[in-house]
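Here is what each chain is made of, one letter per residue.
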Amino acid sequence: MSVVETEHIRAPQQARSQRRVEQILDSAKALILEHGYAGLKMTGIASTAGITISSIYQYFPNKHAIVAGLAQHYLDINHQGVAEVLSTPPADLDELSNIGISLLDVYYTM
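Analysis parameters
Residues numbered from 1 in each chain as written. Predicted model: local features only at pLDDT ≥ 70, side-chain atom pairs only at ≥ 80, totals over all residues. Heavy atoms only, no water. Helix = DSSP H or I, 4+ residues; strand = E, 2+ residues; numbered from the N terminus. Expected span 1.5 Å × (residues − 1). Buried < 20%, exposed > 50% of the residue type's maximum accessible area, 1.4 Å probe, protein only. Polar contact = N/O pair within 3.5 Å; in protein donor to acceptor, adjacent residues only side chain to side chain. pLDDT = per-residue confidence, 0-100. Contact = heavy atoms within 4.5 Å. Core = buried A, V, L, I, M, F, W, Y, C linked by side-chain atoms within 4.5 Å. Arc of directions from axis to C-beta.

Compared with the 33 Å implied by 1.5 Å per residue over 23 residues, the 33 Å span of helix H5 (residues 63–85) between its first and last C-alpha is a close match. Buried residues of H5: Ala65, Ile66, Ala68, Gly69, Leu70, Asn78, Gly81 and Val85, and no others.

Moving on: the side chain of serine 55. Within the element layout of this structure, serine 55 appears in helix H4 (residues 53–59). For serine 55, a relative accessible area of 10% translates into the label buried. Within the structure, the side chain of serine 55 is placed 3.4 Å from the side chain of arginine 20, a separation counted as a polar contact. Within the local environment of serine 55, its side chain forms a polar contact with the side chain of threonine 52, the two groups lying 3.0 Å apart.

Now for the confidence of the model for the chain. Any residue range with low pLDDT should be treated as having predicted coordinates unsuitable for detailed reading. Taken as a whole, the chain shows an average pLDDT of 86; of its residues, 88% reach a score of 70 or greater. At the level of individual helices and strands, the chain shows its lowest average pLDDT in helix H1 (residues 3–7), which scores 44, and its highest in helix H3 (residues 42–49), which scores 96. Across residues 1–7, where pLDDT falls below 50, the model places seven contacts with residues more than four positions away in sequence or in other chains.

Attention now goes to the nonpolar core. Ranked by size, the top nonpolar core spans 17 residues in total, and within it Ile24, Leu25, Ile45, Ile56, Phe60 and Ile66 carry the most contacts. Of all the secondary structure elements, the ones that give two or more residues to this core are helix H2 (15–35), H3, H4 and H5. Looking at this core, the element that brings in the most residues is H2, giving five residues. With residues near it in sequence (within four places) discarded, isoleucine 56 still touches Ile24, Met42, Ile45, Ala46, Ile51 and Ile66.

Before going further, it helps to spend a moment on H3. When H3 is considered as a whole, its buried residues turn out to be Met42, Ile45, Ala46 and Ala49. The arc that holds the buried residues of H3, viewed along the axis, is 95°, so those residues lie on one side. Those residues of H3 that are exposed and aimed more than 90 degrees away from the buried face are Thr43 and Ser47.

The structure is reproduced here in structure tokens:
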């Protein structure tokens, strides 16, 4: 995410706020899967998450920021998976090949 986009997303500090952001992102993900980006509406996210629309605006200024937050979430998951796979250097070419396959599995799973 670019610096400009991250400035607009309020990073939650408390566990309750972090759960709220996760709720928002999970709801957005479900709606995108069902209706696509064009069908994603702030009111739909609020309704699906079971929260008020003002709660969403405490953390995200618009749906673009929510989608950027969702993308960042999946990039973080991918980064963790790649770091785990690359944590041990390969002993030989066969192991290097297995690491490459594992990296593809991490990407595919994400």
